[in-house]
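Secondary and tertiary structure notes
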Amino acid sequence: MKKAGETKRLSIKELKHHARRLSIKEGIFASTKVSLGDSYLTPFAIAINASNPLVAIVSSFHGLLGSATQLFSSRLMSKFSRKKIVLFAVFLEILIWIPFILIGLFFFKGILRGFLPVFFFLFYSLYTIIANFITPAWFSWVGDLVDIKYRGRWFAKRHFIVAFVAGVFAFLAALFLDFLRNQNLLMIGFITLFFFAGVSRFFSFPVFK
């Protein structure tokens, strides 16, 4: 007959195993979001006639703003649970794709075209903050789910699965955009990809609950 302590340890072990499997599923959805969305934000900026200096600022600003955000968000773990931080950031990350879709629609309809690159820069900066806000809490949370003896092997397995899925969707997205570009519907292609990027992130949201 199992002792109460052994039953409790077994339960925790099973819960961690379940959480690790969910983390892999979350990674698949998150990598799909990157392949369909993040990877095409700079080409999107060029497509809406953003100037070369603005595109350069967007590219260089990403790393600086991301690092500053992670420094700030790491301090919040002393005040809020990691789960709450992750859920809040993922929820905002779902919503932030709406402005990019609207910018694409406005450009396609010829509305406020001269202001759209500025709007893009503002929302891209906000997206960078949100996307990096999640990182410290996520790594700390998931790291606790994996025994230190198997941590390297598990992360390697997760990375392989996630990278494979990301590569497949990146290839499909490139073919899709190239097809629509030949049909003079490039902006519709960006709008479609950003929509499915948001949908993909939405499906990763319940995994954290």
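To be clear, the structure that these remarks concern was listed above.
First, a word on what this report is: a plain description of the structure on this page. On a predicted model such as this, the values are computed, not experimentally measured, just so you know.

About the cut-offs
Numbering of residues starts from 1 in each chain and follows the order in which that chain's sequence is written. In keeping with the model being predicted, local features are shown solely for residues with a pLDDT of at least 70 and side-chain atom pairs are shown and tallied solely at 80 or more, while totals for entire chains, interfaces and linings include all residues. As a rule here, side-chain values cover all heavy atoms of the structure and leave hydrogens and water aside. The rule for a salt bridge is simple: a side-chain nitrogen of Lys or Arg has to be within 4 Å of a carboxyl oxygen of Asp or Glu. Runs of H or I in DSSP of at least four residues are treated as helices and runs of E of at least two as strands, each being numbered from the N terminus. Note on classification: 1.4 Å probe, protein chains only; a residue is buried when its accessible area is under 20% of the maximum for its type, exposed when over 50%, partly exposed between these limits. Every residue pair with non-hydrogen atoms within 4.5 Å of one another is taken to be in contact. Put simply, two rings from Phe, Tyr or Trp (the six-membered ring, in Trp's case) pair if the centres are within 6.5 Å, and we call them stacked under 30 degrees between planes, edge-to-face over 60, tilted for the rest. By definition here, charges over rings are those cases where NZ of Lys or CZ of Arg is within 6 Å of the ring centre and within 35 degrees of the ring normal. Residues enter a patch when their relative accessible area is above 30% and they make no salt bridge; the linking distance is 9 Å between like charges and 5 Å between nonpolar side chains (Val, Leu, Ile, Met, Phe, Trp, Tyr). Here, Shrake-Rupley sampling with a 1.4 Å probe gives the accessible areas, and only protein chains in the shown set may cover a residue. Residue types Ala, Val, Leu, Ile, Met, Phe, Trp, Tyr and Cys, when buried and joined through side-chain atoms within 4.5 Å, form a set referred to as a nonpolar core. Definitions used for this entry: grid spacing 1 Å over protein atoms alone; cavity, a set of points where a 1.4 Å probe fits but cannot get out; pocket, an open set with protein on both sides within 12 Å along at least 5 of 7 lines; lining residue, one with an atom within 4 Å of a point. Grid points are joined across faces, edges and corners, and a volume is the space filled by probe spheres set on the points. Here the term charged refers only to Asp, Glu, Lys and Arg, the term nonpolar to Ala, Val, Leu, Ile, Met, Phe, Trp, Tyr, Cys and Pro, and the term polar to all other amino acids, Gly among them.

**What about the pattern of salt bridges?**
What the rule picks out here adds up to six salt bridges. Linking R201 and E26 is a salt bridge whose minimum nitrogen-to-oxygen distance equals 3.1 Å. Placement of R201 in helix α9 (residues 186-204) and of E26 in helix α1 (residues 4-36) is noted, with a sequence separation of 175 residues between them. Shared partners join several salt bridges into a network, and the residues in it are E26, K33, D38, E93, R158 and R201.

**Digging into the environment of S204**
Here S204 shows up in helix α9. For S204, a relative accessible area of 0% gives the class buried. With sequence-adjacent residues up to four places away left out, S204 is seen in contact with E26, F29 and V90.

**As for the packing of aromatic side chains**
Applying the stated criterion to the full structure yields 17 aromatic pairs. Ring centres of W97 and F100 lie 5.6 Å apart, and the angle between their planes is 55 degrees; this geometry places the pair in the tilted category. Of the two residues, W97 and F100 are both situated in helix α5 (residues 97-109); the distance of three residues between them amounts to about one turn of the helix. The exposure class of F100 is buried, given its relative accessible area of 0%. Here the basic side chain of R113 rests over the ring of F107, its NZ or CZ set 4.0 Å away from the ring centre.

**Here's the deal with a nonpolar patch on the surface**
There is a patch of nonpolar side chains on the surface, built from F91, L95, I98, L102, L105, F106, I111, L112, F115, V118, F119 and L122 and spanning about 1,000 Å² of accessible area. Of all elements in the fold, only α4 (82-95), α5 and α6 (116-133) reach the threshold of two or more residues within the nonpolar patch. At four residues, the largest contribution of residues to the nonpolar patch is made by α5. With respect to the helices, strands and loops of the structure, F115 is situated in the loop between α5 and α6.

**A closer look at the nonpolar core**
Residues F100, F120 and F194 are the most contacted members of the largest nonpolar core, which totals 30 residues. When contributions to this core are tallied by element, the ones reaching two or more residues are α2 (41-47), α3 (52-76), α5, α6, α8 (151-182) and α9. At six residues, the largest contribution of residues to this core is made by α9. For F120, the residues in contact, after removing those within four places along its chain, are L41, F44, A45, I48, V58, F100 and I103. Ranked by size, the runner-up nonpolar core spans 18 residues in total, among them L76, L87, V90 and F133.

**Things to note about the layout of surface pockets**
In this structure, the largest pocket spans a volume of roughly 630 Å³. Along the walls of the largest pocket sit 22 residues, with A30, V34, T135, F139 and R158 positioned nearest its centre. Contributing elements (two or more residues each) for the lining of the largest pocket: α1, α6, α7 (135-145) and α8. Looking at the lining of the largest pocket residue by residue, the classes come out as 10 nonpolar, six polar and six charged.

That is the geometry; function is a separate question.
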